[in-house]
Amino acid sequence: MLLVWVYGVMVVGAVSRSVVQISTDFAHAPLAYSLSAVAGVVYGFITYSLVRGGERARRAAQVCCAAELAGVLIVGTWTVVEPSAFPDATVWSDYGIGYLFIPVILPVTAMFWLRRAARSVGAA
């Protein structure tokens, strides 16, 4: 339940951030603002999958968490190596520093929990 709640908070944070940024100043940093919107969509899908439950939803959530982690690592590294490519921050900039590193910790935690949950269902 805590995992769903944290993902829900991240959905609200990423989507609201991207909506404001895209609607007020998209030309300033289109890549950064678009990536924040993508993060919000990914968080939303993971939240939905966790709430829905079931084996198919669990697998979809695992794939999305892996994609989320890859995105955080790629964008995080990109913002460190080439900060001029991002005139403004994204949700995943500097590995999620603006969100207390939750964007890099959350998918790892979720994948661990999803794997553990699958094992406990398989054992039952």
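Calculation rules
Residues numbered from 1 in each chain as written. Predicted model: local features only at pLDDT ≥ 70, side-chain atom pairs only at ≥ 80, totals over all residues. Heavy atoms only, no water. Helix = DSSP H or I, 4+ residues; strand = E, 2+ residues; numbered from the N terminus. Rg over C-alpha atoms; globule rule 2.2 N^0.38 Å. Buried < 20%, exposed > 50% of the residue type's maximum accessible area, 1.4 Å probe, protein only. Contact = heavy atoms within 4.5 Å. Core = buried A, V, L, I, M, F, W, Y, C linked by side-chain atoms within 4.5 Å. Axes fitted to C-alpha atoms, helices over the stretch in contact; angles between N-to-C directions. Parallel < 35°, antiparallel > 145°, perpendicular 65-115°, else oblique. Left-handed = near helix turned anticlockwise from the far one by under 90°. Nonpolar A, V, L, I, M, F, W, Y, C, P; charged D, E, K, R; others polar.

## Concerning the overall build of the protein
Right, on to step 1. Secondary structure summary: the protein contains 4 helices and 0 strands in total.
Right, on to step 2. Listed by position from the N terminus, the elements making up the protein come as α-α-α-α.
Right, on to step 3. Radius of gyration (C-alpha) of the protein: 15 Å, near the 14 Å computed for a compact globule of 124 residues.
Right, on to step 4. By its C-alpha atoms, the protein is 55 × 30 × 20 Å across when sized along the principal axes.
Right, on to step 5. Counting the 124 residues in the protein, one finds 39% classified as buried.
Right, on to step 6. Within the protein, residue pairs in contact and separated by at least 24 positions form 65% of the contacts whose partners lie at least 6 positions apart.

## Observations concerning unusual backbone geometry
Right, on to step 1. Phi at Asp 94 takes a positive value of approximately 50°, unusual for a residue other than glycine.
Right, on to step 2. Overall, Asp 94 belongs to the partly exposed group, its relative accessible area being 32%.
Right, on to step 3. Here the phi dihedral of Leu 100 falls at roughly 60°; this positive angle occurs in a residue that is not glycine.
Right, on to step 4. Mapped onto the secondary structure, Leu 100 falls in the loop between α3 (55-81) and α4 (102-123).
Right, on to step 5. A residue is classified by how much of its surface remains accessible, and Leu 100, at 69% relative accessible area, is exposed.

## Focus on the nonpolar core
Right, on to step 1. Among the nonpolar cores identified, the biggest contains 27 residues, and Tyr 7, Tyr 43, Ile 46, Leu 50, Val 91 and Trp 92 are the most heavily contacted of them.
Right, on to step 2. Looking at this core, the elements with two or more residues in it are α1 (2-25), α2 (30-52), α3 and α4.
Right, on to step 3. Among the elements that make up this core, the one with the highest residue count is α2 (8 residues).
Right, on to step 4. Excluding its chain neighbours within four sequence positions, the residues that come into contact with Tyr 7 are Tyr 43, Ile 46, Thr 47, Leu 50, Cys 65, Glu 68, Leu 106, Pro 107 and Ala 110.

## Side note on the packing of α2 against α3
Helix-helix packing is characterised by the crossing angle of the two axes and by the distance between the axes.
Right, on to step 1. Where α2 meets α3, the axes come as close as 9 Å, and the angle between the chain directions of the two elements is 155°. Classed by the angle they form, the pair α2 and α3 counts as roughly antiparallel. As for the relative orientation of α2 and α3, their crossing is left-handed in sense. In this structure, α2 uses Leu 31, Leu 35, Val 42, Tyr 43, Phe 45, Ile 46, Ser 49, Leu 50 and Arg 52 to contact α3, whose residues at the interface are Ala 57, Ala 60, Ala 61, Cys 64, Cys 65, Glu 68, Val 75 and Trp 78.
Right, on to step 2. Residues of the contact of α2 with α3, tallied by class, amount to 14 nonpolar, 1 polar and 2 charged.

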